[in-house]
Structure formats: C-alpha cells, structure tokens
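Residue-level listing of the chains:
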Amino acid sequence: MINKTVKDAKEAVADIPSGAFLMMGGFGLSGIPENCISALLERDIKDLTIVSNNAGVDDFGIGLLLKKKMVKKMISSYVGENAEFERQLLSGELEVDLIPQGTIAERVRAGGAGIPAFFTPAGVGTEVAEGKEIREFDGKLYLMERWLRADFSLVKAWKGDTAGNLIFKGTARNFNPMMAAAGKICIAEVEELVPAGELNPNEIHTPGIYVQRIFEGKNYEKRIEQRTVSQAKS
C-alpha cells in the first residue's frame, strides 16, 4: 500500500517556490489549511498567485500571507473581510481577479475534470466578460470561461488515511474536494490520520488518487469571521 504521509506542514510545503500558483480550500475561515498557511509564513518566498473563495481576514488565514507581502495575485469571489487586501488592491500592490462565486467554483471543478473551457451566462454584459468569447445558445448569450489548475492545492479535511483518501465534515466540505483534484500536487492536512483501509469507502469524498501528500495537523483554531448572539428574552 502506498504511504503518502509526511511529517508535518513544514515538510509538506518545503518545495513550494516563489511564483507558485496555489489553490487553498475553505469558505470564509471554515475548512482552510491553517497548518499549511502557518508553514508558508516561515518560508522566504514571494510572488504567489492564490485561488481561494476569499482572502481570509487581516490576522488569520490568507490574510497573514497578504500582510507579509507574499502574494502577487488573488483570484477570489469575496474579499470583504480584509482591510489589508483592500489597501493593497487600491494602492496597486496586488493584482486581483474578482470572479462570480459559481464561476470560480466551476472553473476549479473543470480544471480537476480536465475540461479546458465552458460557457456560462454569469457575467455577460459586465466587466467580467471583457476580452472573453461570447456565444449564443438557444437565444441566450453565454461567455467562455477557462479552467483553473494549480501547481499545488492545499486542502484541509476532517479525517484521512495514509493512502490520501479524505473525508470532509460539515461546511468544510466546500471548495476543498474540487481543489484537491485541480492541483498537480495536492497537500492535505487532516484533523485525524488513520491507517489505510480504516475509512468506510462509501464515506470518502476525495479518493487518494488526487492526493500526493498528507499529514495530521494540530492546534486548529477554527475561527469564524463574525459571531452574532441573540439577546436573551427577559
């Protein structure tokens, strides 16, 4: 049986170079690869391009990479919780592609499925369509979007085995499975790592064929962006 385990996050990301094209799973702060991000912060690399649903917050997640000026370009669909992101964007320090959320999800999925392009109505008649091919199908206009593929995809799962099979839990099953498939090298961090054969095959969300490295993470904060508490009734 192939064993894809590495010691820790530091070993897992050790060969990610400056200028790498990365995908990072997560939705908001749910299911983000916390350990991999922490390990990247210790590396002396820069000019990263990152595909992520969002840009984290100022003091956590991808926001820490932005703060350290390690990111050249962000490809995202929502960035509203990060003041440093906004500052870098407005000052011209950061390149940004803002993409409709469904489109970015499909572009990543297409990359993992080997589909180089597809047509979608989202963005027709807006800035999103600039420079892109538009065709009419059944009387409606659609624009062509290209797949997204990465040098490395960094994902976080609830449980995994030494062969790389992954199970996601709750909201963390967001962009993680499709990004795992769209990276040339997929690095998975998991809360619990078990021997191959222990996971129920019917519960596996990402087969190990898509994963090249896996390790058991630690000290997960699992932050949320905003917490709203209702007032107790008197």
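The coordinates are above.
Owing to the predicted nature of the structure, the values given are computational and were not obtained by experimental measurement.

J.: Please explain the pairing of strand 6 (residues 134–137) as it appears in this structure.
T.: Across four bridges, strand 6 lies against strand 7 (residues 140–146) in antiparallel orientation. Following the sheet pairing, Glu136 is matched in strand 7 by Leu141. Taking the residues that link successive antiparallel strands as the turn, the strand 6-strand 7 hairpin has two residues, and the phi of Asp138 there is positive, at about 50°.

J.: What is the right way to look at helix 2 (residues 34–41) in this model?
T.: Burial runs high along helix 2: seven of the eight residues are buried. Inspection of helix 2 places Glu34, Asn35, Cys36, Ile37, Ala39, Leu40 and Leu41 among the buried residues, and these make up the whole buried set. Contact partners of the buried residues in helix 2: helix 1 (9–12), strand 1 (21–24), helix 3 (62–67), strand 8 (150–161), strand 10 (183–194) and strand 11 (213–216).

J.: Looking at this structure, how should I read the pairing of strand 4 (residues 95–98)?
T.: For a regular strand, side chains alternate in direction, first toward one face of the sheet and then toward the other. Relative to strand 4, strand 3 (residues 71–76) runs parallel, the two sharing four bridges. Paired with Ile75 across the two strands is Asp97, which belongs to strand 4.

J.: How should the side chain of Ser52 be read in this particular structure?
T.: Along the polypeptide, Ser52 turns up in the loop between strand 2 (48–51) and helix 3. Residue contacts for Ser52: discarding those within four places in its chain leaves Met24, Ile62, Met74, Ile75, Ser76, Ser77, Ile104 and Met179.

J.: Could you clarify how one ought to interpret the pattern of salt bridges in this entry?
T.: If the charged atoms of two oppositely charged side chains come close together, the side chains can form a pair. Applying the stated rule across the entire model yields 11 salt bridges. Ionic pairing is found between Asp15 and Arg213, a salt bridge with its closest N-O pair at 2.8 Å. Here Arg213 lies in strand 11 and Asp15 lies in the loop between helix 1 and strand 1, a separation of 198 residues in the sequence. According to the relative accessible area criterion, Asp15 is partly exposed, its value standing at 40%.

J.: I keep staring at the packing of aromatic side chains and nothing clicks. Help me out?
T.: The geometry of an aromatic ring pair is captured by two quantities: the separation of the ring centres and the angle between the planes. Inspection of the entire model under this criterion finds two aromatic pairs. Seen in terms of ring centroids, Phe119 and Phe137 are 5.2 Å apart; in terms of plane orientation they differ by 65°. Their pairing is edge-to-face. Taken together, the residues span a long stretch of sequence, with Phe119 in strand 5 (residues 117–120) and Phe137 in strand 6 at a distance of 18 residues. Residue classification places Phe137 among the partly exposed residues on the basis of a relative accessible area of 36%. Summarising the aromatic geometry, the rings of Phe137 and Tyr142 are spaced 5.7 Å apart at their centres and angled 75° between planes, so their arrangement reads as edge-to-face. One aromatic cluster in this structure is built from Phe119, Phe137 and Tyr142. Looking at Arg149, its charged tip hangs above the ring of Trp147, at a distance of 3.6 Å from the centre. Of note, Lys156 hangs over the ring of Tyr220, and the distance from its end group to the ring centre comes to 4.6 Å.

J.: When you look at the state of the cysteines in this model, what are you seeing that I'm missing?
T.: Covalent bonding between the sulfur atoms of two cysteines defines a disulfide. Here the structure, examined in full by the defined rule, presents zero disulfides. With no disulfide partner, Cys186 has as its closest neighbouring cysteine sulfur the one in Cys36, 9.3 Å distant.

J.: Sorry, what's going on with the environment of Ile62 here?
T.: Mapped onto the elements of the fold, Ile62 is located in helix 3. Overall, the relative accessible area of 5% leaves Ile62 in the buried class.

J.: Just checking my understanding: could you explain the environment of Leu141 for this structure?
T.: Topologically, Leu141 is positioned in strand 7. Separated by 19 residues in the primary sequence, Leu141 and Ala122 place their C-alpha atoms 9.6 Å from one another. Residues contacting Leu141, with those up to four places away along its chain left out, are Pro121, Val124, Ile134, Arg135 and Glu136.

J.: I'm lost on the sheet that holds strand 6 in this one. Help?
T.: Working definition: the strands of a sheet are paired by backbone hydrogen bonds and lie parallel or antiparallel to each other. The antiparallel open sheet is built from three strands, whose spatial order is 5-7-6. On the outer flanks of this sheet lie strand 5 and strand 6, each paired with one strand and no other. The sheet shows a mean angle of 40° between the axes of neighbouring strands, direction not considered. Alignment of strand 5 against strand 7, held across four bridges, turns out to be antiparallel. Pairing of Phe118 across the sheet is with Glu145, part of strand 7.

Quick notes on the rules
Residues numbered from 1 in each chain as written. Predicted model: local features only at pLDDT ≥ 70, side-chain atom pairs only at ≥ 80, totals over all residues. Heavy atoms only, no water. Pairing = 2+ DSSP bridges. Helix = DSSP H or I, 4+ residues; strand = E, 2+ residues; numbered from the N terminus. Buried < 20%, exposed > 50% of the residue type's maximum accessible area, 1.4 Å probe, protein only. Contact = heavy atoms within 4.5 Å. Salt bridge = Lys/Arg side-chain N within 4 Å of Asp/Glu carboxyl O. Phe/Tyr/Trp six-rings, centres within 6.5 Å; stacked < 30°, edge-to-face > 60°. Lys NZ or Arg CZ within 6 Å of the ring centre and 35° of its normal. Disulfide = S-S within 2.5 Å. Axes fitted to C-alpha atoms, helices over the stretch in contact; angles between N-to-C directions.

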